[in-house]
Amino acid sequence: MAKMIAAITGVAGYVPEYRLTNQELEKIVDTNDEWIRTRTGISERRILKDKEKGTSFMAVQAVKDLLEKTNTLAQDIDLVICATVTPDMHFPDTANLVAYELGIKNAFTYDLSAACSGFLFALETGRRFVESGGYKKVIVIGADKMSTIVDYEDRTTCILFGDGAGAVLLEPTLKENGIKDAILKSDAVGKDFLHMKAGGSLRPPSIETVMSREHFLYQNGKPVFKAAVSGMSGAVKEVLQRNELTKDDITWLVPHQANIRIIESVAHMADFPIERVMVNIQKYGNTTAATIPLCLWDWESQLKRGDKLILTAFGGGYTWGATYLTWAY
Ligand code: UT7
C-alpha cells in the first residue's frame, strides 16, 4: 500500500509596498549602495510602514490569498503554525490572530521560534501532523516584521533585513510527490553572535534595556557568516546523500536569503550551478522566516510537478537544516 505523505498544494506571499532602497539607507547611516550590493547582494527591502500593523497583518494577506487560490474554505483548516521571531505580541500567538482574522475556527494554532530556520522547522512539524493521519489541511506560515527589531543606527544590520510573509498549504497524498526528508539542527553555541537580548524573562523590558538598545537584533556577522556556509552546505550534502541523490537530480536549491555571498558559497560547496538556485535577496533582503516561502511564491509559475527541491536555512541560535521535497502540482 502506498505510504501517505504530506505535500505542498499551494503557496502564497505578501510583501509590503514600501521599498527601502540602498540610496535611502545612505541618508540614515554611513553606508553606500556599492558596499551593500557587493557585500550582501541587496538593492532594496520591503518595509511595513504602518505602525498599527504587526506581523499578523502580512501573514493574513498571504494566507487569505492561499485560501483563495487553493479553493480552500477557512473552516476546513485543521492547524495553523506560524514561524516568526517578531510576533505581534508575546501572547496570544500570531497564528491564533491570523486564524481569527480569517474565520479559521476549527483549527488549533501556535507560533514556532527558530529565527531564519523557522519556516523549515514549521514545515517539518506540519508535515508530521499530516502524516499522523489526524490533520488534512495544515497551513505553515513564515512571517517577520524585522523592521520592528532592527536598529536603524547600526549600519552592519539595518541594511540586511526586510519585512514579509509567505505561507503554504500542506495536505496528505498517496501519490509520490511531497515532502520526503528533513535534517534539522539546533546549537545554542551561536547565542552570543545573533540574538535579541532583552524583552524575555531573563532581561525583561526596563528603562535600562531600552537605553542600551537591547530590544534590537544584535549580530556579529563574521562568525555567523562562516557558520551559515558550513551549516547549510553540510545539511544539503547530508540530505542528498541520505536520499541517494546527486546535485544533478535536483531541479532547484532554495536557500535562506541572508547574503548573496553565503548563497554563492553554499552553492559552490555543494557543487551546485547558480542558475538552479532561487535568489530574490536583491529585492526583499533578509525577511527571516519568510525568505523560503517567498522564494517558492516567486518561482511558483516555473515549478513543475515532480521537480526535486532542496530547501536550506541557517539562523539565530544557531538553527539550521535542509528539507528535500518533490513539487506536487
Ligand atoms: O539570517 C541569519 C543569518 N545571518 C547571516 O547569515 C548574516 C551573516 N553575516 C553577513 O552577511 C556579513 O558578515 C555582513 C553582511 C553582516 C557583514 O559583511 P562582512 O564582509 O562580514 O563585513 P565586516 O563585518 O567584516 O565589515 C567589513 C568592513 C568594516 O570596516 P573596517 O573595520 O574594515 O574598516 C565594517 O565597519 O565594512 C564595514 N561595514 C560597512 N561599511 C559600509 C560594515 N557594515 C557596513 C555598511 N556600509 N553597511
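Residues numbered from 1 in each chain as written. Predicted model: local features only at pLDDT ≥ 70, side-chain atom pairs only at ≥ 80, totals over all residues. Heavy atoms only, no water.

(A) Region of the structure containing the domain arrangement of the protein. Split by domain assignment, the protein resolves into domain 1 (5-176) and domain 2 (180-326). On a C-alpha basis, the centroid separation for the pair domain 1 and domain 2 is 14 Å. Each partner contributes residues to the interface: domain 1 has 50 residues there, and domain 2 has 47 residues. Here domain 1 meets domain 2 over a buried area of about 3800 Å², counting both sides, of which 61% is carbon and sulfur. Linking domain 1 with domain 2 are three salt bridges. (Domains from an automatic or database assignment. Contact = heavy atoms within 4.5 Å. Buried area = accessible area lost by both parts, 1.4 Å probe. Salt bridge = Lys/Arg side-chain N within 4 Å of Asp/Glu carboxyl O.)

(B) The arrangement of the pairing of strand 6 (residues 138-145) in detail. The buried fraction of strand 6 is high, at eight of eight residues. Side chains Val-138, Val-140, Gly-142 and Asp-144 of strand 6 all project onto a buried face; the interleaved residues Ile-139, Ile-141, Ala-143 and Lys-145 project onto the opposite face, where all are buried too. Pairing of strand 4 (residues 79-83) with strand 6, which is carried by five bridges, proceeds in the parallel orientation. Residue pairing across strands places Val-80 opposite Ile-139, the latter belonging to strand 6. Taken together, the eight bridges between strand 6 and strand 7 (residues 163-173) define a ladder with antiparallel strand orientation. (Buried < 20%, exposed > 50% of the residue type's maximum accessible area, 1.4 Å probe, protein only. Helix = DSSP H or I, 4+ residues; strand = E, 2+ residues; numbered from the N terminus. Pairing = 2+ DSSP bridges.)

(C) Examining unusual backbone geometry more closely. Of note, the bond from Phe-91 into Pro-92 is cis; its omega dihedral lies within 30 degrees of zero at 0 degrees. With an omega of 15 degrees, the peptide bond running from Gly-317 to Tyr-318 counts as cis. Topologically, Tyr-318 is positioned in the loop between strand 12 (308-315) and strand 13 (319-326). Positive phi is not limited to glycine here, since Asn-71 has a value of about 50 degrees. With respect to the helices and strands, Asn-71 occurs in the loop between helix 3 (55-69) and strand 4. Taking the relative accessible area as the measure of exposure, Asn-71 reaches 73% and is therefore exposed.

(D) Fine view of the site of the ligand. Taken together, 23 residues are adjacent to the ligand, and Thr-31, Arg-39, Lys-222, Asn-259 and Asn-286 come closest. Residue Arg-39 places a side-chain N or O atom 2.6 Å away from an oxygen atom belonging to the ligand. In the complex, 75% of the free accessible area of the ligand, which totals 950 Å², lies under the protein chains. At the level of secondary structure, the elements contributing two or more residues to the shell around the ligand comprise helix 2 (33-40), helix 6 (155-158), helix 8 (221-242) and helix 9 (260-269). If you tally residues by element for the shell around the ligand, the top one is helix 8, at four residues. For the shell around the ligand, the residue count by class is 10 nonpolar, eight polar and five charged. (Near = heavy atom within 4 Å. Polar contact = N/O pair within 3.5 Å; in protein donor to acceptor, adjacent residues only side chain to side chain. Areas by Shrake-Rupley, 256 points an atom, 1.4 Å probe, with all protein chains shown as cover. Nonpolar A, V, L, I, M, F, W, Y, C, P; charged D, E, K, R; others polar.)

(E) Inspection of the nonpolar core at higher detail. Of all hydrophobic cores here, the largest spans 45 residues; its most connected members are Val-236, Ile-250, Ile-262, Val-277, Ile-310 and Phe-314. Of all the secondary structure elements, the ones that give two or more residues to this core are helix 8, helix 9, strand 12 and strand 13. The biggest single contributor to this core is helix 8, with nine residues. Here this core spans two domains, and each of domain 1 (5-176) and domain 2 (180-326) adds at least three residues to it. Dropping the residues within four chain positions of it, Val-236 is found in contact with Leu-253, Ala-270, Ile-310, Thr-312 and Ala-322. In this structure, Ile-8, Ala-114, Val-130 and Trp-252 belong to the second largest nonpolar core, which totals 33 residues. (Core = buried A, V, L, I, M, F, W, Y, C linked by side-chain atoms within 4.5 Å.)

(F) Looking closely at the sheet that holds strand 4. Spatially, the five strands line up as an open sheet ordered 1-7-6-4-5, and their pairing is mixed. A strand with exactly one partner marks an edge of an open sheet, and here the two such strands are strand 1 (5-14) and strand 5 (108-112). Taken over all neighbouring pairs, the strand axes of this sheet differ in orientation by 20 degrees on average, direction set aside. Across the sheet, helix 3 lies against strand 1, strand 6 and strand 7, angled at about 120 degrees from strand 1, the strand it touches most. Docked against the sheet, helix 4 (residues 94-102) engages strand 4, strand 5 and strand 6, running at close to 140 degrees with respect to strand 5. (Axes fitted to C-alpha atoms, helices over the stretch in contact; angles between N-to-C directions.)

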